[in-house]
Amino acid sequence: MRRSEGDITASVEKVANREEVSVGELGGVQGLVVMTWVAISFSCLVLLLLSGFILPELPGGGGVLLPVVLTILLVIFGVSLWNIVVLKARFRAIDRQLAKGGGGPGRAAPKQRDFWIAVVAGVLMMALFQIAGSHS
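Note that this is a predicted model, so its numbers are computed, not measured. (Residues numbered from 1 in each chain as written. Predicted model: local features only at pLDDT ≥ 70, side-chain atom pairs only at ≥ 80, totals over all residues. Heavy atoms only, no water.)

Caption draft 1: Structural view of a positive patch on the surface. Where like charges cluster on the molecular surface, the positive patch consists of Lys88, Arg92, Arg96 and Lys100. Secondary-structure assignment places Arg96 in helix 3 (residues 65-99). (Patch = residues over 30% accessible without salt bridge, like charges linked within 9 Å, V, L, I, M, F, W, Y side chains within 5 Å. Areas by Shrake-Rupley, 256 points an atom, 1.4 Å probe, with all protein chains shown as cover. Salt bridge = Lys/Arg side-chain N within 4 Å of Asp/Glu carboxyl O. Lys, Arg positive; Asp, Glu negative; His and termini not counted. Charge placed at Lys NZ, Arg CZ, Asp CG, Glu CD. Helix = DSSP H or I, 4+ residues; strand = E, 2+ residues; numbered from the N terminus.)

Below, the structure written as structure tokens:
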């Protein structure tokens, strides 16, 4: 069943205010958040590809701008990928709760630490890629 924009907005506000929401509402909100992070990761990927072609063509070959832009985009890309992984795990927990017939409050709500775990993991992953790339 498709939800209206007003329904999902109300659900997002409830989750943001840490109010109790049903499992179905929580699943809808987390699905929206996952799709947002997917859009961010694809946008970063497109910008990475474009900047690899455009920035070297600037006078001076991109100079300092190229590595700075690439590093920032890679970090955002890594963080978005890890957020997708963490949120998909929470999303699967909601699916399991729904499969068991649990229609009560959503217990797999996102935690603030989930975001920070994803940020740290994404930054570390991209730092390792940068180090590996500079030594090749």
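Caption draft 2: Structural detail: the packing of helix 3 against helix 4 (residues 112-134). The geometry of helix 3 relative to helix 4 is characterised by a closest axis approach of 7 Å and an angle of 135° between their N-to-C directions. Of the possible angle classes, the one that applies to helix 3 and helix 4 is oblique. Every pair of crossing elements has a handedness; the one defined by helix 3 and helix 4 is right-handed. Side by side, helix 3 and helix 4 meet where Thr71, Leu74, Val75, Gly78, Val79, Trp82, Asn83, Val86 and Arg90 of the first sit next to Arg113, Asp114, Phe115, Ala118, Val119, Ala121, Gly122, Val123, Met125, Met126 and Gln130 of the second. (Axes fitted to C-alpha atoms, helices over the stretch in contact; angles between N-to-C directions. Parallel < 35°, antiparallel > 145°, perpendicular 65-115°, else oblique. Left-handed = near helix turned anticlockwise from the far one by under 90°. Contact = heavy atoms within 4.5 Å.)

Caption draft 3: Region of the structure containing the packing of helix 2 (residues 23-54) against helix 3. As a packed pair, helix 2 and helix 3 sit with axes 8 Å apart at the nearest point and diverge in direction by 160°. If you check the angle between helix 2 and helix 3, you find them roughly antiparallel. Taken as a pair, helix 2 and helix 3 cross one another with a handedness that is left-handed. Within the contact of helix 2 with helix 3, the residues separate by chemical class into 25 nonpolar, 8 polar and 2 charged. (Nonpolar A, V, L, I, M, F, W, Y, C, P; charged D, E, K, R; others polar.)

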